[in-house]
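# Coordinate inspection notes
Here is how the chains run, residue by residue.
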Amino acid sequence: MPRGKKGKRGSSKPGSLRQEVLQLHLLAKASPKGVRNGVKGESGASDDELTSDVVSHCSSASECTSVLEEGLGGEQVDEQTAQEETEDKLKQCIDNLMDKSTKTRLGGLESLRQAFSSRVLYDFLTERRLTITDCLERSLKKGSVEEQAAAATVFTLLCIQLEGGDEAEEGFKMVRPILTAILIDNGANVAVRQSCARALGMCCYVSTAEEGEDLIKSLALLESVFTTSYPNREGTLPTPKPGSPALHNAALQAWSLLVTLCPESRLTVLLDHHLPKLQACLQSSDVNYRIAVGETIALLVELRRDIDEEFELDSESMCESLKSLATDGNKHRAKNDRRKQRSVFRDVLHYIENEEFNVEKISFGMESVYIDSWMRRRIYDAFKEILESGVRHHLQFNPLLRDIFGLGPPLILDATVKGTKISRFEKHLFNSAAFKARTKQRSKVRDKRADVM
């Protein structure tokens, strides 16, 4: 199964990729269990919608104007001029991060958040990464609550923009101590701690660092946050404090993202330690946390089955809890909450009992990605949460996401390419095979780090 972050370029060998494709062809002919016949699509905005009206520039005085609208102008403006105007607006946004006015700094952060989400700006940002990182570090240390939360989000987007390379790793080492200090500070604002939890998880995930030390530290920090929701010695769940379920949710999801990077020896320990306690958390009073717990349980079981195909979850009480949530008709819960909960837990239960996963197709441009495992769902959801509607644009053009999902270099679309489209089924096979081939190679590196962990 795919399990991993972005590695060095050219991570999978052609021979191993062909073998993976052949194996998938053979498995498909045998109608393997693990994939339902139906494919669940995801509705989304068009490419035009994704790139229009998403970047704003806030002047030091007051109002914001659209970077993309002003930068791209009308059809008559040539591409080079549009690019220059866009970069000028972005430079002003960066300058605004150093302004004395909190309102102006917040405007600059919001402008950069939207720009980083909707565009791929690697060349522009590589030259200015240290300046931006210094500004974000200052906002995290001295800014208001809103400014701190925004800075953590923008820094996460910056790491994604830098494609998780050495530049991103360098920036992460600079900002990591601040993210850590805020996350473990019980007196800090809950919303800021949430942003820091997500930043810590994603930035560690995309980092190219080969040693396992950063991974271990990040896992431990995130565990220290969400395990406070675990039952006490008497088996009773603690009474949640205001805002704590959302914080636990963010920390658990960031932790589960990093779990996909762990070597096999570590996964076995994690499953044995966390699964019983996560089961108890299925009774949490917060619907979003219950759902996060259920998805994490499914992910851990999937990773364990990856190691041992004969593994069976021997827990009738677990299945009973999942069945109860999959059919919950409690009128005291909001209707939308009940619907969302039942949908997720039906999928979780179906996987636990039958090892089947409801495949989801994500389309963008002429391509598509199939979300065909709990691991892929966790990885895709993590990027979607931070990139929002821009996730499709990044899947199409960002080398980091294309590497993670096995899509290869960005396509150069012309008449010849359009006339040589391959079938959807072939795309799915190549997608899955490339994803798995890269992951197996990176797993070898992680397994060498197992002693560290």
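What you see as residue numbers is a count from 1 along each chain, following the sequence as written. Under the rules for a predicted model, residues below a pLDDT of 70 receive no local features and side-chain atom pairs below 80 are neither given nor counted, while totals for whole chains, interfaces and linings still include all residues. Values shown for side chains rest on all heavy atoms present in the structure; no hydrogens or waters enter the calculation.

As recorded in an unreviewed UniProt entry, the protein chain goes by Interferon-related developmental regulator 2 and comes from Gasterosteus aculeatus aculeatus.

## Focus: the overall build of the protein chain
Quick note on the threshold: Put simply, DSSP H or I for four residues or longer makes a helix, DSSP E for two residues or longer makes a strand, and each gets a number counted from the N terminus. Only protein chains enter the accessibility calculation, which uses a 1.4 Å probe; a residue is then buried when its area is under 20% of its type maximum, exposed when over 50%, and partly exposed in between. Residues are treated as being in contact if the distance between any of their heavy atoms lies within 4.5 Å. The method behind every accessible area is Shrake-Rupley, applied with a 1.4 Å probe, and residues are considered shielded solely by the protein chains displayed.
A count of helical and extended segments in the protein chain gives 21 helices and five strands. Out of the 453 residues belonging to the protein chain, those deemed buried represent 53%. Restricting to contacts in the protein chain with at least 6 residues of sequence separation, those with at least 24 account for 74%. Per element, the accessible surface of the protein chain, about 21,000 Å² overall, is 49% carbon and sulfur.

## Thoughts on empty space enclosed by the protein
Spelled out, the test is: Only protein atoms enter the 1 Å grid, on which a cavity is a set of points fitting a 1.4 Å probe that cannot get out and a pocket is an open set with protein on both sides within 12 Å along at least 5 of 7 lines, lining residues being those with an atom within 4 Å of a point. Grid points are joined across faces, edges and corners, and a volume is the space filled by probe spheres set on the points. In this classification, the charged set is Asp, Glu, Lys and Arg, the nonpolar set is Ala, Val, Leu, Ile, Met, Phe, Trp, Tyr, Cys and Pro, and all remaining amino acids, among them Gly, are polar.
All chains considered together, the criterion is met by two cavities of 30 Å³ or more. The calculated volume of the largest cavity comes to roughly 100 Å³. Considering the residues around the largest cavity, the lining is formed by Q253, S256, A292, E295, T296, L299, W374, R377, R378 and D381. When contributions to the lining of the largest cavity are tallied by element, the ones reaching two or more residues are α12 (244-259), α14 (287-307) and α17 (374-387). Residue composition of the lining of the largest cavity, by class: three nonpolar, three polar and four charged.

## Things to note about the confidence of the model for the protein chain
Note the following rule: Confidence scores per residue from the predictor, reported as pLDDT, run from 0 to 100.
Taken as a whole, the protein chain shows an average pLDDT of 79; of its residues, 72% reach a score of 70 or greater. For the stretch residues 1-76, pLDDT sits under 50, and the model shows 182 contacts to residues farther than four places along the chain or on other chains. Within the model, pLDDT remains below 50 along residues 415-422, and this stretch shows six contacts once partners closer than five positions in the same chain are excluded.

## With respect to a negative patch on the surface
Worth spelling out the cut-off: Patches draw on residues past 30% relative accessible area with no salt bridge. Two like charges within 9 Å are joined, as are two nonpolar side chains (Val, Leu, Ile, Met, Phe, Trp, Tyr) within 5 Å. The working definition used for a salt bridge is a side-chain nitrogen of Lys or Arg within 4 Å of a carboxyl oxygen of Asp or Glu. Note on charges: Lys and Arg go in the positive column, Asp and Glu in the negative column, and His and the chain ends are not counted at all. The atom standing in for a charge is NZ when the residue is Lys, CZ when it is Arg, CG when it is Asp and CD when it is Glu.
Judged by side-chain charge, D78, E79, E84, E85 and D88 come together as a negatively charged surface patch. With respect to the helices, strands and loops of the structure, D88 is situated in helix α4 (residues 79-96). Take D88: its relative accessible area is 47%, and that puts it in the partly exposed class.

## Focus: unusual backbone geometry
For E355, which is not glycine, the phi torsion reads 60° and is therefore positive. Mapped onto the elements, E355 comes out in the loop between α16 (335-354) and β4 (360-364). You will see that E388, though not glycine, has its phi angle at about 55°, which is positive. When you line up the elements, E388 lands in the loop between α17 and α18 (391-397). Exposure remark for E388: the relative accessible area of 43% places this residue in the partly exposed category.

## Let's talk about the nonpolar core
Threshold: Residues grouped as a nonpolar core are buried Ala, Val, Leu, Ile, Met, Phe, Trp, Tyr and Cys residues, joined through side-chain atoms within 4.5 Å.
The biggest cluster of nonpolar side chains holds 112 residues, and the ones touching the most others in it are F116, Y205, F383 and F405. A per-element tally of this core places α14 first, with 11 residues.

## Let's talk about the pairing of strand β5 (residues 367-371)
Using the following cut-off: DSSP calls a pair of strands paired once it identifies at least 2 bridges connecting them.
Within β5, five of the five residues are buried, which leaves the element mostly enclosed by the surrounding structure. Here β5 shows two buried faces, one formed by E367, V369 and I371 and the other by S368 and Y370. As judged from the five bridges shared by β4 and β5, these two strands associate in the antiparallel manner. Considered in β5, the bridge of S363 is made with S368. Adjacent in sequence and paired antiparallel, β4 and β5 are bridged by two residues, among which G365 carries a positive phi angle near 55°.

## Some points on α17
Rules: Multiplying 1.5 Å by the helix residue count minus one yields the expected span of that helix.
Between its terminal C-alpha atoms α17 stretches 20 Å, which fits the 20 Å expected from 14 residues at 1.5 Å a residue. Among the 14 residues that make up α17, 11 are buried, leaving the element largely enclosed by the rest of the structure. For α17, the complete set of buried residues consists of W374, M375, R376, R377, R378, I379, Y380, A382, F383, I386 and L387. With its phi angle positive at about 55°, E388 sits one or two positions after the end of α17.

## Here we look at the environment of D308
The residue D308 is located in the loop between α14 and α15 (316-326) in this model. With 44 residues separating them in the primary sequence, D308 and E264 have C-alpha atoms 10.0 Å apart.

## Quick notes on the environment of E360
Assignment of secondary structure puts E360 in strand β4. Its relative accessible area of 14% is what places E360 among the buried residues. Separated by 13 residues in the primary sequence, E360 and S373 have C-alpha atoms spaced 9.3 Å apart.

## Describing the side chain of T296
In this structure, T296 sits in helix α14. Aside from chain neighbours lying at most four places away, what touches T296 is L252, W255, S256 and L278.

## Considerations on the packing of aromatic side chains
The line we're drawing: Any two rings among Phe, Tyr and Trp, with Trp reduced to its six-membered ring, count as a pair given centres within 6.5 Å; such a pair is stacked if its planes are under 30 degrees apart, edge-to-face if over 60, and tilted if neither.
As enumerated under the stated definition, the model contains four aromatic pairs in all. Both rings, one in Y205 and one in F383, keep their centres 6.4 Å apart while their planes meet at 70°; by these two values the pair is edge-to-face. With Y205 in helix α10 (residues 190-206) and F383 in helix α17, this residue pair connects regions lying 178 residues apart in the sequence. Across this residue pair, the class does not change: Y205 and F383 are buried.

## Focus on α16
Between its first and last C-alpha, α16 extends 28 Å over 20 residues, near the 28 Å set by a 1.5 Å rise per residue. Restricting attention to buried positions, one finds in α16 the residues R338, Q341, V344, F345, D347, V348, L349, Y351 and I352. Just downstream of α16 lies E355, where phi reads positive at about 60°.

## What to know about the pattern of salt bridges
For the coordinates displayed, the defined rule picks out 11 salt bridges. When the shortest N-O distance is used, the salt bridge between K141 and E137 registers 3.7 Å. Placement of the pair is K141 and E137 together in helix α7 (residues 129-142), with a separation of four residues, close to one helical turn. On the basis of relative accessible area, K141 is assigned to the exposed category, the value being 53%. For K217, the salt bridge goes to E213, with nearest N and O atoms at 3.1 Å. Pair noted here: K217 and E213 are both in helix α11 (residues 213-226), with a separation of four residues, about one helical turn. Each of the salt bridges in this network shares a partner with another, and the network as a whole consists of E110, R113 and E388.

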